[in-house]
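# Observations on the three-dimensional arrangement
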Amino acid sequence: MFEYEIDRMNHAQLVREAAVRRLSREAAGSGGRETPRSGRRSGGRDAEGRVDDDGGSGGFVRAA
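In this report, we go over the structure that sits alongside the text.

Rules and cut-offs
- Residues numbered from 1 in each chain as written.
- Predicted model: local features only at pLDDT ≥ 70, side-chain atom pairs only at ≥ 80, totals over all residues.
- Heavy atoms only, no water.
- Helix = DSSP H or I, 4+ residues; strand = E, 2+ residues; numbered from the N terminus.
- Areas by Shrake-Rupley, 256 points an atom, 1.4 Å probe, with all protein chains shown as cover.
- Patch = residues over 30% accessible without salt bridge, like charges linked within 9 Å, V, L, I, M, F, W, Y side chains within 5 Å.
- Salt bridge = Lys/Arg side-chain N within 4 Å of Asp/Glu carboxyl O.
- Buried < 20%, exposed > 50% of the residue type's maximum accessible area, 1.4 Å probe, protein only.

## Things to note about the overall build of the protein chain
In terms of regular secondary structure, the protein chain is built from one helix and zero strands. Surface accessibility of the protein chain: about 6,700 Å² in total, with carbon and sulfur atoms responsible for 52%.

What follows is the structure, given as structure tokens:
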């Protein structure tokens, strides 16, 4: 039971940190300018792309 409580506390802490980051990003964006979003943009110049999509297993590939 103790491990479960620790996991719940860690989860709650991560949720709080995500909320703080989201609020700060929204506050920074409300200054009349558009802030770039974190993460990858979909573009043709990405070094990594989609794996062979021949309608197989729904996007998951088998590990080597």
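## Observations concerning a nonpolar patch on the surface
On the surface, a cluster of nonpolar side chains totalling about 330 Å² of accessible area is made up of Phe2, Ile6 and Met9. Inspection of the secondary structure assignment puts Met9 in helix H1 (residues 2–29). Met9 gets classed as exposed once you look at its relative accessible area, which sits at 55%.

By themselves these figures say nothing about function.
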